[in-house]
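A look at the structure
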Number of protein chains: 2
Amino acid sequence: MRISEILDRKGTQVATIRPDATLHDVLRELEQGGFGSLVVSTDGRTIEGIVTERDLVRVLAQRGASALDGDVRSTMTASVVTCGRDATVDEVMGMMTNSRFRHVPVVEDGVLAGIISIGDVVKSTIDELAVKAESLESYVTGTY
Amino acid sequence: MRISEILDRKGTQVATIRPDATLHDVLRELEQGGFGSLVVSTDGRTIEGIVTERDLVRVLAQRGASALDGDVRSTMTASVVTCGRDATVDEVMGMMTNSRFRHVPVVEDGVLAGIISIGDVVKSTIDELAVKAESLESYVTGTY
(Lines give C-alpha, C1' and ligand atoms only; values in the text may rest on other atoms or scores of the structure.)
Protein backbone atom coordinates (compact mmCIF):
# COMPACT_ATOMS: atom_id res chain seq x y z
CA MET A 1 0.00 0.00 0.00
CA ARG A 2 1.19 3.52 -0.79
CA ILE A 3 1.15 6.61 1.41
CA SER A 4 -1.06 8.37 -1.18
CA GLU A 5 -3.87 5.88 -0.38
CA ILE A 6 -3.73 6.76 3.32
CA LEU A 7 -3.78 10.48 2.49
CA ASP A 8 -6.73 10.01 0.12
CA ARG A 9 -8.66 8.62 3.08
CA LYS A 10 -7.49 10.82 5.98
CA GLY A 11 -6.88 14.04 4.05
CA THR A 12 -3.80 16.14 3.46
CA GLN A 13 -4.30 18.81 6.09
CA VAL A 14 -1.41 19.20 8.53
CA ALA A 15 -1.40 21.15 11.80
CA THR A 16 1.45 23.66 11.63
CA ILE A 17 2.89 26.29 13.97
CA ARG A 18 5.24 29.22 13.35
CA PRO A 19 8.84 28.94 14.61
CA ASP A 20 8.42 32.12 16.68
CA ALA A 21 5.37 30.80 18.57
CA THR A 22 5.93 29.81 22.22
CA LEU A 23 5.82 26.33 23.70
CA HIS A 24 2.67 27.47 25.53
CA ASP A 25 1.12 27.77 22.06
CA VAL A 26 2.38 24.28 21.15
CA LEU A 27 0.84 22.81 24.30
CA ARG A 28 -2.52 24.43 23.51
CA GLU A 29 -2.53 23.36 19.85
CA LEU A 30 -1.56 19.76 20.67
CA GLU A 31 -4.24 19.52 23.33
CA GLN A 32 -7.04 21.19 21.36
CA GLY A 33 -6.38 19.18 18.21
CA GLY A 34 -5.55 15.90 19.97
CA PHE A 35 -2.29 15.88 17.97
CA GLY A 36 1.02 14.29 18.93
CA SER A 37 3.10 16.71 16.86
CA LEU A 38 3.03 19.96 14.88
CA VAL A 39 5.01 20.73 11.74
CA VAL A 40 6.92 23.98 12.16
CA SER A 41 6.37 26.28 9.18
CA THR A 42 6.10 30.02 8.67
CA ASP A 43 4.02 29.82 5.48
CA GLY A 44 2.26 26.48 6.08
CA ARG A 45 3.98 25.03 2.98
CA THR A 46 7.72 24.79 3.68
CA ILE A 47 8.89 22.55 6.53
CA GLU A 48 11.26 24.23 9.00
CA GLY A 49 11.04 21.58 11.71
CA ILE A 50 8.76 19.39 13.79
CA VAL A 51 7.81 19.65 17.48
CA THR A 52 6.23 16.77 19.41
CA GLU A 53 4.68 16.01 22.79
CA ARG A 54 7.89 14.12 23.61
CA ASP A 55 9.87 17.35 23.03
CA LEU A 56 7.62 19.13 25.54
CA VAL A 57 8.15 16.40 28.14
CA ARG A 58 11.92 16.68 27.59
CA VAL A 59 12.21 20.48 27.99
CA LEU A 60 9.81 20.55 30.92
CA ALA A 61 11.76 17.82 32.76
CA GLN A 62 15.10 19.47 32.01
CA ARG A 63 14.24 23.14 32.50
CA GLY A 64 10.98 23.35 34.41
CA ALA A 65 7.76 25.15 33.58
CA SER A 66 9.50 28.39 32.55
CA ALA A 67 10.75 26.51 29.47
CA LEU A 68 7.23 26.95 28.07
CA ASP A 69 8.00 30.67 27.56
CA GLY A 70 10.69 29.69 25.04
CA ASP A 71 10.04 29.66 21.31
CA VAL A 72 9.37 26.69 19.07
CA ARG A 73 12.60 27.20 17.12
CA SER A 74 14.77 26.45 20.15
CA THR A 75 13.04 23.13 20.88
CA MET A 76 11.97 21.75 17.48
CA THR A 77 13.84 19.09 15.53
CA ALA A 78 15.10 21.01 12.48
CA SER A 79 16.28 18.05 10.48
CA VAL A 80 13.00 16.36 9.57
CA VAL A 81 12.79 12.98 7.84
CA THR A 82 10.02 13.13 5.22
CA CYS A 83 8.58 10.85 2.55
CA GLY A 84 6.86 11.29 -0.81
CA ARG A 85 3.25 10.38 -1.67
CA ASP A 86 4.52 7.36 -3.62
CA ALA A 87 6.45 5.86 -0.68
CA THR A 88 5.07 2.55 0.55
CA VAL A 89 3.61 2.04 4.02
CA ASP A 90 6.32 -0.59 4.62
CA GLU A 91 9.05 1.97 3.83
CA VAL A 92 7.57 4.51 6.23
CA MET A 93 7.20 1.82 8.93
CA GLY A 94 10.91 1.10 8.50
CA MET A 95 11.78 4.79 8.86
CA MET A 96 9.73 5.04 12.04
CA THR A 97 11.26 1.90 13.54
CA ASN A 98 14.86 2.76 12.69
CA SER A 99 14.71 6.36 13.88
CA ARG A 100 12.03 5.97 16.59
CA PHE A 101 9.73 8.64 15.08
CA ARG A 102 5.98 8.58 15.32
CA HIS A 103 5.28 11.19 12.62
CA VAL A 104 6.59 11.50 9.05
CA PRO A 105 5.54 14.58 7.02
CA VAL A 106 4.78 13.98 3.34
CA VAL A 107 6.40 16.35 0.83
CA GLU A 108 5.43 16.79 -2.83
CA ASP A 109 7.42 19.20 -5.04
CA GLY A 110 9.04 20.69 -1.95
CA VAL A 111 5.69 21.52 -0.35
CA LEU A 112 4.07 19.95 2.75
CA ALA A 113 1.42 17.55 1.43
CA GLY A 114 0.26 15.59 4.48
CA ILE A 115 1.53 13.77 7.54
CA ILE A 116 1.58 10.07 8.46
CA SER A 117 1.46 9.01 12.11
CA ILE A 118 2.46 5.65 13.52
CA GLY A 119 -1.26 5.19 14.26
CA ASP A 120 -2.03 5.64 10.54
CA VAL A 121 0.43 2.92 9.51
CA VAL A 122 -0.92 0.51 12.11
CA LYS A 123 -4.50 1.25 11.00
CA SER A 124 -3.61 0.62 7.34
CA THR A 125 -1.92 -2.67 8.28
CA ILE A 126 -5.07 -3.72 10.16
CA ASP A 127 -7.26 -2.73 7.21
CA GLU A 128 -5.10 -4.74 4.82
CA LEU A 129 -5.28 -7.78 7.11
CA ALA A 130 -9.08 -7.46 7.21
CA VAL A 131 -9.28 -7.33 3.40
CA LYS A 132 -7.02 -10.39 3.11
CA ALA A 133 -9.09 -12.31 5.70
CA GLU A 134 -12.31 -11.41 3.90
CA SER A 135 -11.11 -12.49 0.46
CA LEU A 136 -9.73 -15.72 1.93
CA GLU A 137 -13.09 -16.37 3.57
CA SER A 138 -14.95 -15.70 0.32
CA TYR A 139 -12.61 -18.12 -1.40
CA VAL A 140 -13.06 -20.85 1.21
CA THR A 141 -16.83 -20.51 1.37
CA GLY A 142 -17.07 -20.26 -2.40
CA THR A 143 -18.98 -16.98 -2.48
CA TYR A 144 -16.91 -15.63 -5.35
CA MET B 1 3.03 -13.64 15.87
CA ARG B 2 2.24 -13.66 19.59
CA ILE B 3 2.90 -11.01 22.23
CA SER B 4 5.04 -13.52 24.17
CA GLU B 5 7.58 -13.50 21.29
CA ILE B 6 7.94 -9.71 21.50
CA LEU B 7 8.37 -9.93 25.28
CA ASP B 8 10.97 -12.71 24.94
CA ARG B 9 13.01 -10.28 22.84
CA LYS B 10 12.43 -6.94 24.60
CA GLY B 11 12.05 -8.21 28.15
CA THR B 12 9.22 -8.04 30.64
CA GLN B 13 10.33 -5.09 32.72
CA VAL B 14 7.79 -2.26 32.97
CA ALA B 15 8.36 1.26 34.27
CA THR B 16 5.87 1.87 37.07
CA ILE B 17 5.03 4.77 39.37
CA ARG B 18 3.04 4.93 42.61
CA PRO B 19 -0.42 6.58 42.51
CA ASP B 20 0.62 9.08 45.20
CA ALA B 21 3.66 10.33 43.23
CA THR B 22 3.35 13.81 41.67
CA LEU B 23 3.17 14.65 37.98
CA HIS B 24 6.62 16.24 38.42
CA ASP B 25 7.83 12.70 39.17
CA VAL B 26 6.04 11.38 36.08
CA LEU B 27 7.70 14.03 33.91
CA ARG B 28 11.14 13.10 35.25
CA GLU B 29 10.62 9.33 34.88
CA LEU B 30 9.30 9.65 31.31
CA GLU B 31 12.20 11.87 30.31
CA GLN B 32 14.96 9.88 31.98
CA GLY B 33 13.71 6.55 30.66
CA GLY B 34 12.66 7.82 27.23
CA PHE B 35 9.23 6.27 27.90
CA GLY B 36 5.86 7.35 26.55
CA SER B 37 3.89 6.01 29.51
CA LEU B 38 4.17 4.63 33.04
CA VAL B 39 1.99 1.94 34.57
CA VAL B 40 0.57 3.13 37.90
CA SER B 41 1.10 0.53 40.63
CA THR B 42 1.78 0.61 44.35
CA ASP B 43 3.48 -2.79 44.50
CA GLY B 44 4.84 -2.98 40.92
CA ARG B 45 2.64 -6.04 40.25
CA THR B 46 -1.00 -4.94 40.29
CA ILE B 47 -2.15 -2.37 37.72
CA GLU B 48 -4.02 0.61 39.18
CA GLY B 49 -3.85 2.81 36.08
CA ILE B 50 -1.67 4.19 33.30
CA VAL B 51 -0.31 7.72 32.80
CA THR B 52 1.08 8.91 29.45
CA GLU B 53 2.87 11.89 27.92
CA ARG B 54 -0.45 12.78 26.28
CA ASP B 55 -2.05 13.01 29.77
CA LEU B 56 0.67 15.47 30.81
CA VAL B 57 0.07 17.63 27.73
CA ARG B 58 -3.66 17.63 28.50
CA VAL B 59 -3.41 18.68 32.16
CA LEU B 60 -0.71 21.27 31.45
CA ALA B 61 -2.80 22.83 28.66
CA GLN B 62 -5.96 22.82 30.74
CA ARG B 63 -4.60 23.79 34.16
CA GLY B 64 -1.14 25.29 33.68
CA ALA B 65 2.18 24.37 35.24
CA SER B 66 0.78 24.13 38.79
CA ALA B 67 -1.04 20.97 37.64
CA LEU B 68 2.34 19.21 37.96
CA ASP B 69 2.01 19.43 41.77
CA GLY B 70 -1.03 17.15 41.56
CA ASP B 71 -0.80 13.42 42.12
CA VAL B 72 -0.75 10.63 39.56
CA ARG B 73 -4.08 9.23 40.77
CA SER B 74 -5.99 12.35 39.71
CA THR B 75 -4.65 12.28 36.13
CA MET B 76 -4.13 8.59 35.28
CA THR B 77 -6.53 6.46 33.25
CA ALA B 78 -7.84 3.98 35.82
CA SER B 79 -9.61 1.67 33.39
CA VAL B 80 -6.68 0.09 31.56
CA VAL B 81 -7.08 -2.19 28.55
CA THR B 82 -4.61 -5.08 28.87
CA CYS B 83 -3.76 -8.24 26.96
CA GLY B 84 -2.35 -11.66 27.81
CA ARG B 85 0.99 -13.14 26.68
CA ASP B 86 -0.86 -15.37 24.22
CA ALA B 87 -2.65 -12.50 22.43
CA THR B 88 -1.57 -12.03 18.81
CA VAL B 89 0.16 -8.91 17.54
CA ASP B 90 -2.78 -8.42 15.15
CA GLU B 91 -5.23 -8.42 18.07
CA VAL B 92 -3.19 -5.84 19.98
CA MET B 93 -2.88 -3.70 16.82
CA GLY B 94 -6.67 -3.77 16.59
CA MET B 95 -7.04 -2.69 20.23
CA MET B 96 -4.63 0.20 19.69
CA THR B 97 -6.39 1.34 16.50
CA ASN B 98 -9.91 1.11 17.89
CA SER B 99 -9.19 2.85 21.17
CA ARG B 100 -6.32 5.10 20.04
CA PHE B 101 -3.87 3.77 22.66
CA ARG B 102 -0.15 3.52 22.17
CA HIS B 103 0.60 1.23 25.13
CA VAL B 104 -1.03 -2.04 26.22
CA PRO B 105 0.19 -3.64 29.48
CA VAL B 106 0.48 -7.43 29.47
CA VAL B 107 -1.09 -9.30 32.41
CA GLU B 108 -0.47 -12.93 33.39
CA ASP B 109 -2.34 -14.43 36.37
CA GLY B 110 -3.43 -10.96 37.45
CA VAL B 111 0.16 -9.67 37.59
CA LEU B 112 1.87 -7.12 35.34
CA ALA B 113 4.05 -9.14 32.94
CA GLY B 114 5.26 -6.63 30.35
CA ILE B 115 4.10 -3.78 28.14
CA ILE B 116 3.65 -3.50 24.38
CA SER B 117 4.02 -0.12 22.69
CA ILE B 118 2.77 0.82 19.24
CA GLY B 119 6.46 1.01 18.26
CA ASP B 120 6.88 -2.65 19.29
CA VAL B 121 3.99 -3.80 17.09
CA VAL B 122 5.29 -1.82 14.11
CA LYS B 123 8.80 -3.25 14.64
CA SER B 124 7.46 -6.81 14.80
CA THR B 125 5.47 -6.22 11.58
CA ILE B 126 8.65 -4.95 9.88
CA ASP B 127 10.64 -7.95 11.15
CA GLU B 128 7.99 -10.34 9.83
CA LEU B 129 8.03 -8.62 6.43
CA ALA B 130 11.82 -8.95 6.31
CA VAL B 131 11.64 -12.69 7.07
CA LYS B 132 8.98 -13.14 4.37
CA ALA B 133 11.04 -11.18 1.82
CA GLU B 134 14.15 -13.21 2.64
CA SER B 135 12.44 -16.59 2.30
CA LEU B 136 10.83 -15.44 -0.96
CA GLU B 137 14.23 -14.36 -2.25
CA SER B 138 15.83 -17.68 -1.25
CA TYR B 139 13.01 -19.43 -3.11
CA VAL B 140 13.38 -17.31 -6.26
CA THR B 141 17.17 -17.57 -6.36
CA GLY B 142 17.03 -21.27 -5.54
CA THR B 143 19.34 -21.11 -2.53
CA TYR B 144 17.14 -23.41 -0.50
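For the structure itself, consult the block above.
Figured I'd write up the structure that's included with this text. Quantities reported herein were computed from a predicted structural model and do not represent experimental measurements.

On to the nonpolar core. Core analysis: the largest hydrophobic core is formed by 34 residues, its most contacted members being Val26 and Val72 of chain A together with Val26 and Val72 of chain B. Put simply, the parts of the chain that give this core at least two residues each are α2 (23-33), β2 (37-40) and α3 (53-63) of chain A together with α2 (23-33), β2 (37-40) and α3 (53-63) of chain B. Filtering out sequence-adjacent residues up to four positions away, Val26 of chain B remains in contact with Ile17, Leu38, Val51, Leu56 and Val72 of chain B. Ranked by size, the runner-up nonpolar core spans 32 residues in total, among them Ile3, Met93 and Val121 of chain A together with Leu7 of chain B.

All right, on to the environment of Thr52 of chain B then. Residues and elements named next belong to chain B. Position of Thr52 relative to the elements: it lies in strand β3 (residues 49-52). For Thr52, a relative accessible area of 17% puts it in the buried group. Remark: the alpha-carbon pair of Thr52 and Thr77, spanning 25 residues in sequence, is separated by 8.9 Å. Not counting chain neighbours up to four residues away, the residues in contact with Thr52 comprise Leu30, Gly36 and Ser37.

This part is about unusual backbone geometry. Excluding glycine, residues mostly carry a negative phi; peptide bonds, for their part, are mostly trans. Residue and element names in this part refer to chain A. The phi torsion at Arg100 lies on the positive side, around 60°, for a residue other than glycine. Here Arg100 lies in the loop between α4 (89-99) and β4 (103-108). We classify Arg100 as exposed; its relative accessible area is 69%. The backbone phi angle of Asp109 is positive, close to 55°, even though this residue is not glycine. Within the fold, Asp109 resides in the loop between β4 and β5 (111-117). Of the residues examined, Asp109 reaches a relative accessible area of 77% and is grouped as exposed.

On the surface, a cluster of negative charge is made up of Glu5, Asp86, Asp90, Glu91, Glu108, Asp109 and Glu128 of chain A. Tracing the backbone through its elements, the reader meets Asp90 of chain A in helix α4.

Take the pairing of β5 of chain A next. Residue and element names in this part refer to chain A. Of all seven residues in β5, six are buried; the element is thus mostly enclosed. Sheet topology note: the β4/β5 ladder contains six bridges and is antiparallel. Following the sheet pairing, Val107 is matched in β5 by Leu112.

Rotating chain B by 180° and translating it 0.0 Å along the rotation axis places it on chain A, where the RMSD comes to 0.0 Å. Expressed as a symmetry operation, the mapping of one chain copy onto the other fits a two-fold axis. Relative to the rotation axis, the C-alpha of Ala65 of chain B is the closest in chain B, positioned 2.9 Å from it. A shared interface surface links the copies, since 97% of the contact residues of chain B are contact residues in chain A too.

So, on to α2 of chain A. Three or more residues of α2 of chain A are buried, namely Leu23, Val26, Leu27 and Leu30 of chain A. Across the axial projection of α2 of chain A, the buried residues extend over an arc of 100°, all falling on one side. Residues of α2 of chain A that are buried make contact with β1 (16-17), β2, β3 (49-52) and α3 of chain A together with α3 of chain B. At the N-terminal boundary of α2 of chain A, the capping side chain belongs to Thr22 of chain A, with an oxygen 3.3 Å from the backbone nitrogen of His24 of chain A. Residue Gly34 of chain A follows α2 of chain A closely and has a positive phi angle near 65°.

Procedures and definitions
Residues numbered from 1 in each chain as written. Chains lettered and ligands numbered in written order. Predicted model: local features only at pLDDT ≥ 70, side-chain atom pairs only at ≥ 80, totals over all residues. Heavy atoms only, no water. Core = buried A, V, L, I, M, F, W, Y, C linked by side-chain atoms within 4.5 Å. Buried < 20%, exposed > 50% of the residue type's maximum accessible area, 1.4 Å probe, protein only. Helix = DSSP H or I, 4+ residues; strand = E, 2+ residues; numbered from the N terminus. Contact = heavy atoms within 4.5 Å. Patch = residues over 30% accessible without salt bridge, like charges linked within 9 Å, V, L, I, M, F, W, Y side chains within 5 Å. Areas by Shrake-Rupley, 256 points an atom, 1.4 Å probe, with all protein chains shown as cover. Salt bridge = Lys/Arg side-chain N within 4 Å of Asp/Glu carboxyl O. Lys, Arg positive; Asp, Glu negative; His and termini not counted. Charge placed at Lys NZ, Arg CZ, Asp CG, Glu CD. Pairing = 2+ DSSP bridges. Least-squares fit on C-alpha atoms with pLDDT ≥ 70 in both. Arc of directions from axis to C-beta. Polar contact = N/O pair within 3.5 Å; in protein donor to acceptor, adjacent residues only side chain to side chain.

No statement about biological role is implied by the geometric values presented.
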